[in-house]
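Examination of the molecular architecture
Given next are the chains, with one letter for each unit.
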Amino acid sequence: MEIFDYDNILLLPRQCRVDSRSQCDTSVELGARRFRLPVVPANMKTVVDETICAWMAQNGYFYVMHRFDIDNLQFVRDMQAKGLYASISLGVKDHDKATVDRLAAESLVPEYITIDIAHGHATSVRDMIAHIKQKLPASFVIAGNVATPEAVIDLENWGADATKVGVGPGKVCITRLKTGFGTGGWQLSALKWCARVATKPIVADGGIRCHGDIAKSIRFGATMVMIGSLFAGHEESPGRTVEVDGEQFKEYFGSASDFNKGEYRHVEGKRILEPIKGRLADTLTEMEQDLQSSISYAGGTRLMDIRRVNYVILGGDNAGEHLLM
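The present account deals with the structure reproduced in this document.

What counts as what
- Residues numbered from 1 in each chain as written.
- Predicted model: local features only at pLDDT ≥ 70, side-chain atom pairs only at ≥ 80, totals over all residues.
- Heavy atoms only, no water.
- Phe/Tyr/Trp six-rings, centres within 6.5 Å; stacked < 30°, edge-to-face > 60°.
- Helix = DSSP H or I, 4+ residues; strand = E, 2+ residues; numbered from the N terminus.
- Buried < 20%, exposed > 50% of the residue type's maximum accessible area, 1.4 Å probe, protein only.
- Lys NZ or Arg CZ within 6 Å of the ring centre and 35° of its normal.
- Pairing = 2+ DSSP bridges.
- Axes fitted to C-alpha atoms, helices over the stretch in contact; angles between N-to-C directions.
- Contact = heavy atoms within 4.5 Å.
- Salt bridge = Lys/Arg side-chain N within 4 Å of Asp/Glu carboxyl O.
- Patch = residues over 30% accessible without salt bridge, like charges linked within 9 Å, V, L, I, M, F, W, Y side chains within 5 Å.
- Areas by Shrake-Rupley, 256 points an atom, 1.4 Å probe, with all protein chains shown as cover.
- Polar contact = N/O pair within 3.5 Å; in protein donor to acceptor, adjacent residues only side chain to side chain.

For the structure shown, the criterion picks out 14 aromatic pairs. Centre to centre, the rings of phenylalanine 62 and tyrosine 85 are 6.4 Å apart; their planes meet at 10°, and the pair counts as stacked. You can see phenylalanine 62 sitting in the loop between helix H1 (50-58) and helix H2 (72-81) and its partner tyrosine 85 sitting in the loop between H2 and strand E5 (87-90), a full 23 residues away along the chain. A relative accessible area of 1% means that phenylalanine 62 is categorised as buried. For tyrosine 85, a relative accessible area of 6% corresponds to the buried category. Put simply, the rings of Phe35, Phe62, Tyr63, Phe75, Tyr85, Tyr112 and Phe140 pair up and form one aromatic cluster. Here the basic side chain of arginine 219 rests over the ring of phenylalanine 220, its NZ or CZ set 5.0 Å away from the ring centre.

Structure (structure tokens):
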């Protein structure tokens, strides 16, 4: 199979069909809802908090709340009391199953539940999906993370409503260095590989370094794109503010880092400092405008029109045009 990542691919323009890029529709459907953009901030402690999640929901964006040091029941209560949808993360341990039991007992039904572990192609994920589907059948379940078509097929057969693809390609992830496994360096190929067998939505997770990578993710099969570093470092971001040589930064660390775990055990993440970028709303507006431009270059009017374009692989023996695949 072809091996490439975001930096190795450029999409090829088609005849433009709109008079203005603002006519292009960037919205996407996931579950029972339609969202303004196919992007979601990573469910990480230094990227999202309750305030950001509520703002995202109020303004038509998808979010997934992280699962660390949080009362999921209270979060769901608070969001639904505001008339907003609830989107939470769970692991696969006994206390996560107990959370599902308590939600069901109180008739608190999160609209979205993300099962979020580093190696999602696991019997523990199979059992967790079954538990959620039994207790909270109305919840839309996103499960991951995975890296192979076999895993996507299994998670879909186990009952997942969407799968999250990406093992270790994130900016603060060191899985491939620590374990020798992952999609770091070929995440876009892995997405293409997995999308070929998927019958349900895929959330591409990790490796996004610029806005154009969102369009590339859509082209190769993603319905939603999870992004960490581009969403970290905003004025509203929950990461700690650090000043270095008079410049302001926000702390950003991986969920599998010792900074998040509180101990150095099975560490697969690191900590970096992101320059403060300004307001989150401004970044989302810029992403929307850039994606509208992508749709116009694709000769389309809607987001999924991007999937019809050809592409080239840059450099080396792989150089050349690749027809629709």
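Okay, the sheet that holds strand E8 (residues 162-165) next. Strand order in the open sheet made by the seven strands is E4-E10-E9-E8-E7-E6-E5, with parallel pairing throughout. With one partner strand each, in any of the chains shown, strand E4 (39-41) and E5 form the two edges of the open sheet. Strand-to-strand twist across the sheet, computed as the mean angle between neighbouring axes with direction ignored, equals 25°. Relative to strand E6 (residues 112-116), E5 is paired through four bridges, and the arrangement is parallel. The residue of E6 that forms the bridge with leucine 90 is isoleucine 115. Strands in contact with helix H8 (residues 212-219) are E4, strand E9 (202-205) and strand E10 (224-227); relative to E10, the strand with the most contacts, it is inclined by about 140°.

Tallied over the full model, the rule gives 14 salt bridges. Residues arginine 36 and glutamate 288 are paired through a salt bridge, measuring 3.2 Å at the closest nitrogen-oxygen approach. On the criterion of sequence distance, the pair formed by arginine 36 in the loop between strand E3 (33-35) and E4 and glutamate 288 in helix H10 (residues 280-297) is long-range, its members being 252 residues apart. Linked through salt bridges whose partners overlap, the residues forming this network are Arg67, Asp116, Lys164 and Asp205.

With that out of the way, let us pick up a nonpolar patch on the surface. The grouping of Met1, Ile3 and Trp193 at the surface amounts to a nonpolar patch, some 310 Å² of accessible area in total. By the secondary structure assignment, isoleucine 3 is in the segment before strand E1 (9-11).

Let us look at the side chain of lysine 192. Summarising the element assignment, lysine 192 is placed in helix H7 (residues 187-195). Of the residues examined, lysine 192 reaches a relative accessible area of 10% and is grouped as buried. At 3.1 Å, the side chain of lysine 192 and the side chain of tyrosine 311 are in polar contact.

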